[in-house]
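Breakdown of the fold
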Amino acid sequence: MVKRRQFLWMYPWAAVTPTFFWRSFMDRAEWVTSIERVATPVVAQFGCELVDVKIVLGPRRWTVQLRIDRLSGSAAEAGVTIDDCARISRALSGVFDVDVQIPVAYDLEISSPGPDRPLKQRADYERFAGHTIEVRTREPFAGRNHWKGTLQGLSADEILLACETGLQRIPLAVVARTNLADPIVIGKRRAEKVVN
């Protein structure tokens, strides 16, 4: 067990950090939920969807990272632009100050999900059926923690994944993280980045 003196030696900023920071530090999941609740409708007004929210805690400031993507449809292939990120950032800054009331100074980062887009909602599994994905499990499933293959869809509460060992049915209950790993999509996005 770390004693207070050792802790303050390792993290000297802890001695001067307000107590509400520690309460907020302990409730990070609640802050993420609150941010998702407030940000989702604002992001949807711009024809985008909220993909992921992360809070990175620093000694004096937080970084609130939001990853957005275009809603499924005709403009979805175009992806998120810098202008989209800037407009959403301006809209969310005022909303966060009123509705979320983050207790410390923070930086707001809005970005596209990138080529390794996480799959979190049921609709994501339907939208990206036929793409290559990576699945990481919390505990070994069929002797492995890491799976890679072609997403066939979602059946009840199982991910249907075609991989080198055949069709696997991975229960959502054991899944820690799922993200795209499609080499064609990754190459296409890298090429667009170089051209633009």
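Each remark here, short or long, concerns the structure printed above.
Now for a description of the structure that goes with this document. Residue positions are given per chain, counted from 1 along the sequence in the order it is written. Whole-chain, interface and lining totals are the exception, using all residues; otherwise, since this is a predicted model, local features are given only for residues with pLDDT of at least 70 and side-chain atom pairs are given and counted only at 80 or more. Values shown for side chains rest on all heavy atoms present in the structure; no hydrogens or waters enter the calculation.

Right, let's talk about the sheet that holds strand β7 (residues 166–171) for a bit. Backbone-to-backbone hydrogen bonds pair the strands of a sheet. The strands run either parallel or antiparallel. DSSP bridges decide pairing: two strands pair if at least two such bridges lie between them. A run of H or I in DSSP counts as a helix once it spans at least four residues, and a run of E counts as a strand once it spans at least two, with each numbered from the N terminus. One open sheet holds the five strands; their spatial order is β7-β6-β5-β4-β8, and the pairing between them is antiparallel. Since the sheet does not close on itself, it has two edges, and those belong to β7 and β8 (175–180), each with one partner. Across the sheet, the mean angle separating the axes of adjacent strands is 40 degrees when strand polarity is ignored. Angles here are taken between N-to-C directions and fall from 0 to 180 degrees, while the axes themselves are lines fitted to C-alpha atoms, restricted in helices to the stretch in contact.

Next up on the list: the layout of surface pockets. Any residue with an atom within 4 Å of a point lines the site, the site being either a cavity, points on a 1 Å grid over the protein atoms alone where a 1.4 Å probe fits but cannot get out, or a pocket, an open set with protein on both sides within 12 Å along at least 5 of 7 lines. Grid points are joined across faces, edges and corners, and a volume is the space filled by probe spheres set on the points. In this model, the second largest pocket occupies a volume close to 230 Å³. In this structure, the second largest pocket is lined by 15 residues; those nearest its centre are Pro118, Lys120, Ala176, Arg177 and Thr178. For the lining of the second largest pocket, the elements supplying multiple residues, two or more each, are β1 (48–57) and β8. Take the lining of the second largest pocket: its biggest share by element is five residues, from β8. Grouping the constituent residues of the lining of the second largest pocket by class yields six nonpolar, two polar and seven charged. Each residue gets one of three labels, nonpolar for Ala, Val, Leu, Ile, Met, Phe, Trp, Tyr, Cys and Pro, charged for Asp, Glu, Lys and Arg, and polar for the others, Gly among them.

Read from one edge to the other, the open sheet built from three strands follows the order β1-β2-β3, with strand pairing classed as mixed. Only two strands of the sheet have a single neighbouring strand rather than two, namely β1 and β3 (106–111). Taken over all neighbouring pairs, the strand axes of this sheet differ in orientation by 20 degrees on average, direction set aside. Here, residues are in contact when the closest pair of their heavy atoms is within 4.5 Å. Strand contacts of helix α3 (residues 28–44): β1 and β2 (62–70), with the helix running at about 150 degrees to β1, the strand carrying the most contacts. Contacting β1, β2 and β3, helix α4 (residues 82–100) crosses the sheet at an angle of about 145 degrees to β3.

Taking 1.5 Å per residue as the helical rise, α3 with its 17 residues ought to reach 24 Å, and the 24 Å between its terminal C-alpha atoms agrees with that figure. Each residue gets one of three labels from its accessible area relative to the maximum for its type: buried under 20%, exposed over 50%, partly exposed in between, using a 1.4 Å probe on protein chains only. Buried residues of α3: Trp31, Val32, Ser34, Ile35, Val38, Ala39, Val42 and Val43, and no others. In this analysis, the expected span of each helix is defined as 1.5 Å times one less than the number of residues it contains.

The next thing to look at is the pattern of salt bridges. Any carboxyl oxygen of Asp or Glu within 4 Å of a side-chain nitrogen of Lys or Arg constitutes a salt bridge here. Overall, the coordinates contain 14 salt bridges when judged by the stated rule. Where Asp69 meets Arg117, a salt bridge forms, and the shortest distance between an N and an O atom there is 3.0 Å. With Asp69 in strand β2 and Arg117 in the loop between β3 and α5 (122–127), the pair connects residues that are 48 residues apart, well separated along the chain. With respect to burial, Asp69 and Arg117 carry one shared label: buried. When the shortest N-O distance is used, the salt bridge between Asp157 and Arg122 registers 3.6 Å. Taken together, the residues span a long stretch of sequence, with Asp157 in the loop between β5 (144–155) and β6 (158–163) and Arg122 in helix α5 at a distance of 35 residues. Overall, Asp157 belongs to the exposed group, its relative accessible area being 51%. On the basis of relative accessible area, Arg122 is assigned to the partly exposed category, the value being 42%. Salt bridges sharing common partners tie together Glu49, Asp69, Arg117, Asp124 and Arg127.

These figures come from the coordinates and say nothing about function on their own.
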